[in-house]
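An overview of the molecular structure
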Amino acid sequence: MLQSSGLRSFDVKHLRAQDRLERIGADARLSPSPSEFSGTWVNTNTDAPGITYVTCTVEGNVLRLRLEGNGSSEPSGWGEATAELLCAASIHGGPAMSFIAGFDLGFKKVQAGANLNQGLLVIAFYHSFQNNGEGSRSNYFSREFFHRAAWS
Amino acid sequence: MSNPRSGESTSTAVTIERTLDLSALLGDWRNTNDAATGIARLLLTQAGDQIFARIFGAGHPDPFDWGEAPAEVFAEIPESMQPTSFTFYYDLGFMSVWLQTYLAKGVLVVVSFTRFQDSSGRSNYFGKEFFFRSQNPVAVK
């Protein structure tokens, strides 16, 4: 038998064992700092990158992103987006090591989920075309890896 | 950004093409780590032209059933009709969770972005877990 989750109730404190309240440390922070992302990131794939550069700008606890596409399979200019959610590595807090951001390119919307791993910025892109009904293209997923620019 | 919310009208679910081959994704996915404290199990089912994800959080003595959430599927390239990833979203009141997935060599990688919306002091956090597809028929109720 499954536990009753009470999904809409605020008195529910956890729905995973790892989220139990008694595990909270004293250093838990509500707004992880995104400073680890600051700078320019270059795609590790020099042959066929979809996104060539990512530029991260940090102001306080706000992270802004600018993406540069290859200009062929992906548009060159993606404009600027602000990270909608910054996440630490655990409920105990610490610096932000991941984020979610959304881009609206008109003909498609892209949800990006990123995380830092071994010095790399790993970004998963979920592309949703806005021309539902034409049926000629599928929404698609891509995942790219970026290293810090030497000048960053 | 698409934020389908659990429990809302199914009209918020993204309509999928009937010609998409979902066979690689549909089913009962179990965490590769028996001692996982995050997501123990994930079901992906199809109802008509929509698909739904359902999470079971690790818990004792029984797992926590998060209920169903509409999911959006993605192929590897725009020309493909075989989705290899999907995303979905839960707003559970005290927390909301964005989930992004992708298949890699038969393993379903599930990445979660959790935002706590209560006053518990828990930090928003990132998680990554790995799942294999169970050979057992999907049966929940």
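Now for a look at the structure at hand. (Residues numbered from 1 in each chain as written. Chains lettered and ligands numbered in written order. Predicted model: local features only at pLDDT ≥ 70, side-chain atom pairs only at ≥ 80, totals over all residues. Heavy atoms only, no water.)

1. Some points on the pattern of salt bridges
Any two side chains of opposite charge can pair if their charged atoms end up close together. Residue and element names in this part refer to chain A. Summed over all chains, the structure comprises nine salt bridges over all chains. Arg 66 is the salt-bridge partner of Glu 80, the closest N and O atoms lying 3.8 Å from each other. A residue pair is termed long-range when its members are at least 10 positions apart, and Glu 80 in strand β4 (residues 77-82) and Arg 66 in strand β3 (residues 62-69) qualify at 14 residues. A relative accessible area of 47% means that Glu 80 is categorised as partly exposed. By relative accessible area, which is 46% here, Arg 66 ends up partly exposed. (Salt bridge = Lys/Arg side-chain N within 4 Å of Asp/Glu carboxyl O. Helix = DSSP H or I, 4+ residues; strand = E, 2+ residues; numbered from the N terminus. Buried < 20%, exposed > 50% of the residue type's maximum accessible area, 1.4 Å probe, protein only.)

2. A word on the environment of Arg 41 of chain B
Residue and element names in this part refer to chain B. Within the fold, Arg 41 resides in strand β2 (residues 39-47). Arg 41 gets classed as buried once you look at its relative accessible area, which sits at 16%. When the C-alpha positions of Arg 41 and Arg 115 are compared, they lie 20 Å apart, and in sequence the two are 74 residues distant. Looking at Arg 41, its side chain comes within polar contact range of the side chain of Asp 28, at 3.0 Å. (Polar contact = N/O pair within 3.5 Å; in protein donor to acceptor, adjacent residues only side chain to side chain.)

3. Observations concerning the interface of chain B and chain A
Listed as interface residues are 58 residues of chain B and, on the opposing side, 54 residues of chain A. The contact between chain B and chain A buries some 4,700 Å² in all, and 56% of this surface belongs to carbon and sulfur atoms. Seen at the junction of chain B and chain A, the total is zero salt bridges. Across the chain B-chain A interface, the total number found is 23 residue pairs in polar contact (both at pLDDT 80 or more). Contributions of two or more residues to the side of chain B that touches chain A are made by β3 (50-57), β4 (64-75), β5 (83-91), β6 (95-104), β7 (107-116) and β8 (125-133) of chain B. It is β4 of chain B that provides the largest number of residues to the side of chain B that touches chain A, a total of eight residues. Across the side of chain B that touches chain A, the residue classes tally to 26 nonpolar, 23 polar and nine charged. (Contact = heavy atoms within 4.5 Å. Buried area = accessible area lost by both parts, 1.4 Å probe. Nonpolar A, V, L, I, M, F, W, Y, C, P; charged D, E, K, R; others polar.)

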